[in-house]
Amino acid sequence: MNTRGLMELIVLNIGYEMNILPPTIFVMLVIMALVTTFMTTPILNLINKKAIKETKEIQPTNSVLKVLIAIGNPENSKILLKLAKNLFDNIKKVLSISLIHITPSTDTNPIYSDQFAEDSFKSATEEAQLHNLSIETIYKVADNVEAEIVKVANQNNFDFLLVGAGQSLLELSRIKKIPFIKNIKWLNDILNRIPSSSDLLYPGNLIKDKTKYFIEQSNCNVGIFINRNFTDITSVLIILYEKEDLFLLFYAQYLSKNQNAIITLIDVNNIISNNNQVINKIDKQFVDKLNIIKVNKIALKMFINYDLVLISYDTLNKLLEIDKRLFKNISSTLVIKHKKDIFH
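Since the model is a prediction, treat every value here as computed from it, not as a measurement.

Moving on, we come to helix H5 (residues 122–130). When H5 is considered as a whole, its buried residues turn out to be Ser123, Ala124, Glu127 and Ala128. Buried residues in H5, looked at end-on, bunch into an arc of 135 degrees, giving them a common side. Facing away from the buried side of H5, by more than 90 degrees, are the exposed residues Lys122 and Gln129. Buried residues along H5 sit against helix H3 (77–88), strand S2 (94–104) and strand S3 (135–142). Once H5 ends, the next one or two residues include Asn132, with phi positive near 55 degrees.

Given below as structure tokens:
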């Protein structure tokens with residue numbers, strides 16, 4: 001019996017002994033004290049169970065999808081932010097986007113770090129305001145840029161790490177054509193020794209250097225975006241080479257929903273037909289709109305004339321081993337290393 005009920009009985013007993021309370025009223029008040037005391041615990045347990053149940057029902061819609069965008073060239077932050085919005089907007093989670101820019105410690109003076117931070121996120125902030133996105137910015141100076149980005153992604157439990165690859169190299173061919181450059185023989189010779197932009201942006205080379213570190217060391221899903229004059233998303237190509245690639249359908253589903261993009265799916269060896277269990281988790285309206293091309297072999301011409309190509313990291317490496325020419329003229333591509341389900 002709790003102290004409130006015990007004190008009530010003591011007071012009632014004193015009132016009865018002093019003939020202040022008649023027997024009938026005394027009995028009624030004692031019964032009331034006993035009933036209200038003993039019913040307190042069961043009622044509180046019932047309320048608590050109901051509150052826990054409501055919390056569990058609410059939690060899925062209030063859970064957060066944390067996306068970290070690593071910015072190298074600040075001018076490319078607009079493209080990466082736009083891509084992230086197209087991929088993850090309108091999901092059944094609260095979208096949280098953070099942008100991180102790491103300046104090598106050898107490239108900056110600590111006195112100007114605040115100015116570097118402001119300049120790094122200026123374009124991204126403007127793009128976020130344009131799309132009514134709330135973003136968090138992270139600026140750091142570090143000796144090892146890649147290690148610091150992975151450290152932030154892992155320690156803060158991000159769900160998806162998006163990094164860009166090769167955007168700045170797109171301008172190399174244009175630089176070679178500038179009349180001023182062409183007239184300087186020694187500078188022109190140096191530039192001609194540098195591989196063409198198509199060679200530098202070759203996915204096989206990109207994935208083998210620094211971007212491979214992100215994929216291998218990050219605990220979250222990783223997207224490597226290869227920019228080939230990317231502007232907007234109206235047509236998307238998905239490559240299903242093996243059943244492990246089916247996760248790409250969840251990304252394509254939201255691209256279709258957010259951008260009303262036309263989705264073309266290259267289905268190698270009837271991956272779709274043989275995995276109905278996964279397909280049943282996808283929105284039926286989206287599945288019905290898919291343009292499915294069933295093939296037994298990947299061909300070079302399949303990758304041309306799309307705004308965006310979605311391919312898994314593992315499939316990319318397998319296809320490169322078969323024929324590196326497959327990706328020579330590929331469109332803008334998002335290579336995704338899938339490690340966990342982030343949509344459910």
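In this structure the tally under the stated criterion is nine aromatic pairs. Judged by centre distance (4.9 Å) and plane angle (85 degrees), the rings of Tyr251 and Phe343 are edge-to-face. Within this pair, whereas Tyr251 is found in helix H13 (residues 248–259), its partner Phe343 is found in the segment after strand S10 (333–337), the two being separated by 92 residues in sequence. Lying across the ring of Phe158, Lys66 places its NZ or CZ 4.9 Å from the centre.

Helix packing for two helices is described by the angle between their axes and how far apart those axes are. Two elements in contact, H3 and H13, have axes separated by 6 Å at closest approach and are oriented at 100 degrees. Overall, the two elements H3 and H13 adopt an arrangement that is roughly perpendicular. Residue-level inspection shows Lys85, Asn86, Leu87 and Phe88 of H3 in contact with H13, the latter providing Tyr251, Tyr254, Leu255, Asn258 and Gln259. Its residues placed into classes, the contact of H3 with H13 shows five nonpolar, three polar and one charged.

As a further point, take the packing of H3 against H5. Their axes nearest at 8 Å, the elements H3 and H5 cross at an angle of 35 degrees. H3 and H5 meet at a crossing whose hand is right-handed. In this structure, H3 uses Ser77, Lys78, Leu81 and Lys82 to contact H5, whose residues at the interface are Ser123, Ala124, Glu126, Glu127 and Ala128. Of the residues that constitute the contact of H3 with H5, the class distribution is three nonpolar, two polar and four charged.

So, on to the pattern of salt bridges. Applying the stated criterion across every chain, the model contains seven salt bridges. Here Asp232 ties to Lys82 by a salt bridge, and the two come within 3.9 Å at their closest N and O atoms. Highlighted residues: Asp232 in the loop between strand S5 (221–226) and strand S6 (235–240) and Lys82 in helix H3, separated in sequence by 150 residues. In this structure, the salt-bridge partner of Glu148 is Lys140, at a minimum N-O distance of 3.2 Å. Assessed through its relative accessible area of 14%, Glu148 is described here as buried. A residue is classified by how much of its surface remains accessible, and Lys140, at 31% relative accessible area, is partly exposed.

With that out of the way, let us pick up the nonpolar core. If you look at the biggest cluster of nonpolar residues, it comprises 50 residues, and the most contacted ones within it are Ile69, Ile238, Tyr251 and Leu310. Ignoring any residue separated from it by four or fewer positions in sequence, one finds Ile69 in contact with Leu80, Leu81, Ala84, Ile97, Ser98, Leu99, Ile100 and Leu162. Residues Ala70, Val295, Phe303 and Leu326 belong to the second largest nonpolar core, which totals 40 residues.

For the rest of this paragraph, the subject is the side chain of Asn154. As for its position among the elements, Asn154 is in helix H6 (residues 145–155). There is a polar contact of 2.8 Å between the side chain of Asn154 and the backbone nitrogen of Asn219. Those residues in contact with Asn154 that lie beyond four places of it in its chain are Gln217, Ser218 and Asn219.

Before going further, it helps to spend a moment on the side chain of Ser77. Relative to the helices and strands, Ser77 is located in helix H3. Looking at Ser77, its side chain comes within polar contact range of the main-chain nitrogen of Ala124, at 3.4 Å. Once residues within four sequence positions are removed from consideration, Ser77 is found in contact with Ile71, Leu99, Ser123 and Ala124.

A few words on a nonpolar patch on the surface. Taken together, the side chains of Val27, Ile31, Val35, Met39, Ile43, Leu44 and Ile47 define a hydrophobic patch exposed on the protein surface, amounting to about 620 Å² of accessible area. Within the element layout of this structure, Leu44 appears in helix H2 (residues 23–62). Overall, the relative accessible area of 51% leaves Leu44 in the exposed class.

A few words now on the sheet that holds strand S1 (residues 64–70). With mixed pairing, the 10 strands of this open sheet are ordered in space as S3-S2-S1-S4-S5-S10-S9-S6-S7-S8. Across the chains shown, the open sheet's two edge strands, defined by having one partner strand only, are S3 and strand S8 (291–295). Ignoring strand direction, the axes of neighbouring strands in this sheet form an average angle of 20 degrees. Summarising the sheet, strand S9 (residues 308–312) and S10 pair through four bridges and their orientation is parallel. Across the sheet, Ile311 pairs through a bridge with Val335, a residue of S10. Packing against the sheet, helix H16 (residues 313–322) makes contact with S6, S9 and S10, and its axis sits at approximately 90 degrees to S9.

Cut-offs and rules
- Residues numbered from 1 in each chain as written.
- Predicted model: local features only at pLDDT ≥ 70, side-chain atom pairs only at ≥ 80, totals over all residues.
- Heavy atoms only, no water.
- Buried < 20%, exposed > 50% of the residue type's maximum accessible area, 1.4 Å probe, protein only.
- Helix = DSSP H or I, 4+ residues; strand = E, 2+ residues; numbered from the N terminus.
- Arc of directions from axis to C-beta.
- Contact = heavy atoms within 4.5 Å.
- Phe/Tyr/Trp six-rings, centres within 6.5 Å; stacked < 30°, edge-to-face > 60°.
- Lys NZ or Arg CZ within 6 Å of the ring centre and 35° of its normal.
- Axes fitted to C-alpha atoms, helices over the stretch in contact; angles between N-to-C directions.
- Parallel < 35°, antiparallel > 145°, perpendicular 65-115°, else oblique.
- Nonpolar A, V, L, I, M, F, W, Y, C, P; charged D, E, K, R; others polar.
- Left-handed = near helix turned anticlockwise from the far one by under 90°.
- Salt bridge = Lys/Arg side-chain N within 4 Å of Asp/Glu carboxyl O.
- Core = buried A, V, L, I, M, F, W, Y, C linked by side-chain atoms within 4.5 Å.
- Polar contact = N/O pair within 3.5 Å; in protein donor to acceptor, adjacent residues only side chain to side chain.
- Patch = residues over 30% accessible without salt bridge, like charges linked within 9 Å, V, L, I, M, F, W, Y side chains within 5 Å.
- Areas by Shrake-Rupley, 256 points an atom, 1.4 Å probe, with all protein chains shown as cover.
- Pairing = 2+ DSSP bridges.

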